[in-house]
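Summary of the model geometry
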Amino acid sequence: MSLETSAARAAILARLRQHSPAFQDDLSAPEQPLPVTRLDDSESLLERFRAEVERLNVIFQHVADAEGALDALLSVVRAENASSALLWRQLPLHGVPEALESIGVQPILPQVQGAARHDIYRALNDVPLGISGADAAFATTGTLVLASGSGQGRLPSLLPPTHVVLLPQARLFARPEDWLLAHGAQTLQRARSVTFVTGPSRTGDIEMQIILGVHGPKRLYIIVFD
Amino acid sequence: MELKANAFPQAAIIALKDIQLQTALARGTTNASNARLRAMSEVTDAEALRRQARAAKLRALRNLPALLEQFEANITQRGATVLWAEDAEACNRLVIEVARRHAVQRIVKSKSMATEETGLNRALEAAGLEVIETDLGEYIVQLDGDSPSHIVMPIIHKTREQVRDLFVEKLGMTPSDDPEVLTAFARQKLREAFLSAQMGITGANFLIAETGTVAIVTNEGNGRMCSSLPPVYVVIAGIEKVVERVADFATLVQLLPRSATGQRMTSYVHLISGAAQPDEPDGPAFMYVILLDNGRSRIRGTRYAESLACIRCGACLNVCPVYQNVGGHAYGWVYSGPIGAVITPLLKGVANAAPLPHASSLCGACQAACPVMINIPDMLLRLRADLVAEGEAPPGLSAGIAAWARLMSSPFLYELSGAVARLATRAMAGSDGQVRRLPVPLLGNWTENRDFPPFAAKPFRQLWRERQRGQ
C-alpha cells in the first residue's frame, strides 16, 4: 500500500472533463453578492452585536478603554475562581500576564508543537480559564473570528470550560460577508486555522433540548473596549 | 452501511406503528421546520439568496475539475497532502495507510456523511484501529451499534430514556435521564479520547478553491477538537464540496445553518488551510485531504447532476410528509428523506433502491425548502421512468396504465366504467355513506387506513346533459 494516488486523480479528472453539465440557470457570478442579513442604517453595530451574543447566553461587557478592559478581565478571573489561565501571547491588550500574576493567577502560554503534546494536554486539561483576543467580529450574527498564528494558539479557546475574549471595538463588522469579502481571502491565506465562534459550544442531539458546553467552552465572556 | 433500500415498504410499516418513533419524529421535524422558517424570514430576500446560493453551487459543479485542481494546488502549498479516492474502499484504505505511516492507534472522528457512505469505522476497526465518534449523537449511535437517521439530527429517533439506558449499560453511568447530565457524562468520556488520540478525522461542508480551505460547520466544537488537537488531521470530502470563491462561501455558510437548525450561524465554523506552521504554538503537524469520488463524477455526467449541489442541511427531510412519518432508517441507507430517495438510487443503482423514487407524493415541499432549490420532485419522476426502462416497474403498472389509456380514449367505456363504479361503491357504502373496505386488489390498500367516498349519484356528464336539455 502507498499514498500514491495519481492514477485515481487522473481517472477522476478525466471523467469530469468528459462532460460538463449544462444547467439552465444564469450562473454568472455577482460582482457584489446580496447581503444576507437586514441591518438598519440607524442601528448601532455594538448594540446589535450585544443583542445577538446575549441571545446566545454570552456574558457581554462594554468598557471605555484598555484600563477598563483589564479591570473587567480580572473581575471575571476572580468570579470564576481561577488559579491559572491559558492565554495568547499576542493579546490586543497590554499587561495581561503581569496583571494575572499580581492577583495570584498563573498565566500559561501553551506550546505543544514538536513536544510531547499528549502529556501537555493532560497537564493543561484542568486549567479553568482561557483568554484570547479576536481578529474580527460580526454584529448581525454575534460571531467572533479567531485566527491562528504566531502567539495566537488554538488551545485557550478550546480546552478550558470558560473562554474570555478581548475585542477592540474597531474590529466589529456589520455582517459576516462584509468581513469575508474585505479580508477573508487574505486571512485564509495567512492563517492555517480561522474559527468563527458564535456563542458557547452547544448540542440539541438529545430530544432537541439545547445543552451548553458539550466539547468546547460552556461559558463565553466578551469584553469590548475602545 | 449495508444497503436495505428495497425493504422500504416493510420498514415503513414497522416505523408507522412505532409510537416512540412517531413522537420523536413529530417533535423533531416540526421544531426544525419552524426554526428554519423563522430564520429564513429574517433575511433580506430569501428567494434571491437561494438563487445566489444555487448559482454558486452549480457554477462550481460546472467548473469542477479546474476548481479541484486549484483547491489542491493551494492547500498543498501550505503543507497539506491531497489524496484522491475512486471509491469507498480506496478511501478507507488511504485512511488506514495514513494511520500506519504515523503509528496511529486511537482516532477521534467528527460527524461526516461521506464516511458513513464509505463505512469507514468498520474498515478502521477491521484494521485494528480504535475509532471514536465524538459528535454526541454519533457517539450514542456508535455505542448502540445503531445508525444515524437524519443528516443533521442523527438520533432524532431516540428518546432520552433510551440514551440513559445505553449509558448505564455500556458505560456504567449512574442512572439519569436529564439531557444535561447525559451530555456532561459524554463530555468527560470524550475529552479523554480527544487528549490521547493520535489522529483526528472530519468531513467537510465546503472546500474553497480560491484559498485552498476546508470549512467545517459544527455546534458542539468536536470538529474543532478533531482538527486541532491530534498531531495528524485527515479530512474526507466528496469532490462536489468545492466552491469557487470566498464570496460564494459567504452566502452558503449563512444559508446552511438557517436551513438546517434555524441558527443565524452555528457555534463553530472552522476554516483550515493547511497543517500548523512552525511558529504556531499548537495545531496538527500533518494534514491530509482525501477527495472522494465514489460515483459522483459519473452522476455529474447525467441529467441528475443537480443533485450534487446538495449542502446536506436536512431541510427537505423535515418538511417531507413521508420522512415525517417513517423516519430515516426506513430508507435503508446513509441518506434519507427526499434527497436520499434521489441520491441512494444514483449511487447504488436504481434497481437496488427501487421503492425510494416512489416514496414521495411529489408535493414539492422539499424543493420549496431547499436552500439551493434542487428540483427533487422532477428527479424522482425521472428515476421512476428509469425504473420502468430497466424493467423495475411496480407489478401491474404497465397493464394498469394500458387499461386506463383504453378507458380514457373511449367515451362508451368511460361512461360504462363510471356506472359500474357508481353502482358498486354505493352498494358497498355503510350507514354513514362511506365505503369501509374496497375488496379489489391494489385499491384495497387505500381503505386499510381510511374510508373511501362512494361515487356521486349522478356523474358530471349526466348533469351536463340534463342542464343542456333545460331540466
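Residues numbered from 1 in each chain as written. Chains lettered and ligands numbered in written order. Predicted model: local features only at pLDDT ≥ 70, side-chain atom pairs only at ≥ 80, totals over all residues. Heavy atoms only, no water.

1. A few points about the nonpolar core
Formed by 118 residues in total, the largest nonpolar core has its most connected members in Phe196(A), Val214(B), Phe249(B) and Met287(B). Lining this core are residues from two domains, each supplying at least three of them: domain 1 (1–39 + 314–394) and domain 2 (43–297) of chain B. When near neighbours in sequence (up to four residues on either side) are disregarded, Phe249(B) contacts Leu180(A), Phe206(B), Ile208(B), Ala215(B), Val243(B), Val269(B) and Leu271(B). Residues Ile131(A), Ala137(A), Val164(A) and Tyr221(A) belong to the second largest nonpolar core, which totals 44 residues. (Core = buried A, V, L, I, M, F, W, Y, C linked by side-chain atoms within 4.5 Å. Buried < 20%, exposed > 50% of the residue type's maximum accessible area, 1.4 Å probe, protein only. Domains from an automatic or database assignment. Contact = heavy atoms within 4.5 Å.)

2. Focus: the state of the cysteines
All names here are of chain B. Counted under the stated rule, the structure contains zero disulfides over all chains. Not engaged in a disulfide, the cysteine Cys363 finds its nearest cysteine sulfur in Cys366; these two sulfurs lie 6.3 Å apart. Looking at Cys366, the relative accessible area reads 8%, which means it is buried. (Disulfide = S-S within 2.5 Å.)

3. Details of unusual backbone geometry
Generally, phi is negative for residues other than glycine and the peptide bonds are trans, each holding for most cases. Residues other than glycine seldom take positive phi values, yet Met208(A) does so here, at roughly 60°. Examined against the element boundaries, Met208(A) turns out to sit in the loop between strand 10 (202–203) and strand 11 (211–212). The class of Met208(A) is partly exposed, set by a relative accessible area of 27%. Look at Asn294(B): it is not a glycine, yet its phi comes out positive at around 50°. If you trace the backbone, Asn294(B) turns up in the loop between strand 10 (286–292) and helix 13 (296–300). Overall, the relative accessible area of 17% leaves Asn294(B) in the buried class. (Helix = DSSP H or I, 4+ residues; strand = E, 2+ residues; numbered from the N terminus.)

4. Some words on the interface of chain A and chain B
Of the residues lining the interface, 88 residues belong to chain A; the matching set on chain B comes to 114 residues. For the chain A and chain B pair, buried surface summed over both sides reaches about 9,200 Å², with 57% attributable to carbon and sulfur atoms. Broken down residue by residue, the surface that chain A buries against chain B is led by Leu3(A), Arg192(A) and His215(A), which jointly contribute 10%. Summed over the shared surface of chain A and chain B, the result is 12 salt bridges. The tally of links between chain A and chain B comes to 60 residue pairs in polar contact (both at pLDDT 80 or more). With nine residues, the top contributor of residues to the side of chain A that touches chain B is helix 6 (residues 176–190) of chain A. The residue makeup of the side of chain A that touches chain B, split by class, is 38 nonpolar, 32 polar and 18 charged. (Buried area = accessible area lost by both parts, 1.4 Å probe. Salt bridge = Lys/Arg side-chain N within 4 Å of Asp/Glu carboxyl O. Polar contact = N/O pair within 3.5 Å; in protein donor to acceptor, adjacent residues only side chain to side chain. Nonpolar A, V, L, I, M, F, W, Y, C, P; charged D, E, K, R; others polar.)

5. Thoughts on the pattern of salt bridges
Counting across every chain of the model gives 44 salt bridges over all chains. For Arg219(A), the salt bridge is made with Glu80(A), and the minimal N-O distance between the two is 3.1 Å. One end of the pair, Arg219(A), is in strand 12 (residues 219–225); the other, Glu80(A), is in the loop between helix 3 (66–79) and strand 2 (84–87), with 139 residues separating them in the sequence. In this structure Arg219(A) comes out as partly exposed when scored by relative accessible area, which is 33%. Residue Arg106(B) is joined to Glu130(B) by a salt bridge in which the shortest nitrogen-to-oxygen separation is 2.9 Å. Placement of Arg106(B) in strand 2 (residues 106–109) and of Glu130(B) in strand 3 (residues 130–133) is noted, with a sequence separation of 24 residues between them. With relative accessibility at 22%, the residue Arg106(B) sits in the partly exposed group.

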